[in-house]
Amino acid sequence: MRHLLSVDDLQATDVEIILQNASRIHPNVKNFGLNLSGRILATLFFEPSTRTKLSFKTAMYKLGGQVIDLPPDSSQKKGESEADTIKVISQYADVLVIRHPQEGIMEELAHYSDVPIINAGDGAGEHPTQALLDLYTIRQYKSNKDHLTIMFTGDIHYSRTIKSLLKLMMKAGPHNVRLYFTNEVNCDIKDLNYCYNIIEESEIEKNIEEVDILYMTRPQKERWGSNPSQASFILTKDLLNKMKADAIIMHPLPRNEELPGEIDENHRAKYFQQAKNGLYVRMALLKYML
Ligand code: NCD
């Protein structure tokens, strides 16, 4: 695997090796070997980020490597192109982690780089490392289940995390899955091999009792343009109480009103563990790619 621009760059065997390594790192994260000493990761984030950027940086430091960041006062302010920026930084670093608002731009950016690029999110396109940590989380809590029902809510159409997760699940399982979407799915995931239903938000209550995993997303307002998402679902305590006792709630975070803070104390809430898993999975990925 030279670059990780999309889930398409991952073979099923890559996924297994990365996730198995992540589960070895998980209990030993404090004293994991420093095998990337002398290696440098560069972050180039042209869009806001908390978890993705900081977990990649933490992962690199924990593996003994170093990190450089494209500063807010970079020469882009003097009109330097992204192409030139990448050509130069790829001479300094061993791997570039890039987030960009433009969907589909990663292929082009990869042409300018002499070192591997990891896509940390391209517009409403893809977010392959979030998909890996989401799948890791699903396996952590649901590996004992033969059949899973997963409900996706929120701004599904513009969600790069849902899109990448679905692509990854097609490749690496789970395969016996029923899906509910409370919104139109992005067209290129319509050819899913899964059994799926698109329901109205008003029908969530009727179906929530079946759900093993509720995967929520925030409104992606920055991507709406003139086509705003109509999603307005908020998870209430009443709905929560209708869920199976062993159901889990996932969310890539950040959250807005859809996921009130009062849900956090419920045992089904796994989104902070999900964010924590991002560290183990990104450590495993960096070790694998470098
Ligand atoms: C997501 C993203 O950036 O796509 N966040 C993340 O990486 N954890 C989800 C979002 O921004 O809504």
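Residues numbered from 1 in each chain as written. Predicted model: local features only at pLDDT ≥ 70, side-chain atom pairs only at ≥ 80, totals over all residues. Heavy atoms only, no water.

Some words on the environment of Ile248
Then, number 1: Note on placement: Ile248 falls in strand E9 (residues 248-250).
Then, number 2: You can call Ile248 buried: its relative accessible area is 3%.
Then, number 3: In this structure, the C-alpha to C-alpha distance between Ile248 and Ile138, residues 110 residues apart in sequence, is 8.9 Å. (Helix = DSSP H or I, 4+ residues; strand = E, 2+ residues; numbered from the N terminus. Buried < 20%, exposed > 50% of the residue type's maximum accessible area, 1.4 Å probe, protein only.)

Focus on the pairing of strand E6 (residues 177-181)
Then, number 1: Burial analysis of E6 places four of its five residues in the buried class, the great majority of the element.
Then, number 2: For the handedness criterion, the β-α-β arrangement of strand E5 (residues 148-153), helix H6 (residues 160-172) and E6 is classed as right-handed.
Then, number 3: With four bridges connecting them, E6 and strand E7 (residues 195-198) associate as parallel partners. For Leu179, the partnering residue across the bridge sits in E7 and is Tyr196. (Right-handed = clockwise from strand over helix to strand, strands pointing away. Pairing = 2+ DSSP bridges.)

Examining the environment of Leu4
Then, number 1: Counting through the fold element by element, Leu4 comes out in the segment before helix H1 (12-25).
Then, number 2: Separated by 113 residues in sequence, Leu4 and Ile117 place their C-alpha atoms 6.2 Å apart.
Then, number 3: Not counting residues within four places of it along the chain, the set of residues in contact with Leu4 comprises Asp9, Leu10, Ile117, Ile118, Asn119, Pro128, Thr129, Leu132, Leu285 and Met289. (Contact = heavy atoms within 4.5 Å.)

Focus: the packing of helix H5 (residues 128-142) against helix H9 (residues 271-289)
Then, number 1: Here H5 crosses H9 at 115°, and the two axes come no closer than 8 Å. Pair H5 / H9 crosses with right-handed handedness. Every residue of H9 that contacts H5 at Thr129, Gln130, Leu132, Leu133, Asp134, Tyr136, Thr137, Gln140 and Tyr141 is listed here: Gln273, Gln274, Asn277, Gly278, Val281, Arg282 and Leu285.
Then, number 2: A breakdown of the residues in the contact of H5 with H9 according to their chemical character gives six nonpolar, eight polar and two charged. (Axes fitted to C-alpha atoms, helices over the stretch in contact; angles between N-to-C directions. Left-handed = near helix turned anticlockwise from the far one by under 90°. Nonpolar A, V, L, I, M, F, W, Y, C, P; charged D, E, K, R; others polar.)

Quick word on the pattern of salt bridges
Then, number 1: For the coordinates displayed, the defined rule picks out 18 salt bridges.
Then, number 2: Between Arg160 and Glu47 there is a salt bridge; the shortest N-O distance is 3.1 Å. Taken together, the positions of Arg160 in helix H6 and Glu47 in the loop between strand E1 (40-45) and helix H2 (51-62) put the pair 113 residues apart, joining distant regions of the chain.
Then, number 3: Linking Arg218 and Glu222 is a salt bridge whose minimum nitrogen-to-oxygen distance equals 2.7 Å.
Then, number 4: A network of salt bridges, in which partner residues are shared, links Glu47, Arg160, Arg218, Glu222 and Arg223. (Salt bridge = Lys/Arg side-chain N within 4 Å of Asp/Glu carboxyl O.)

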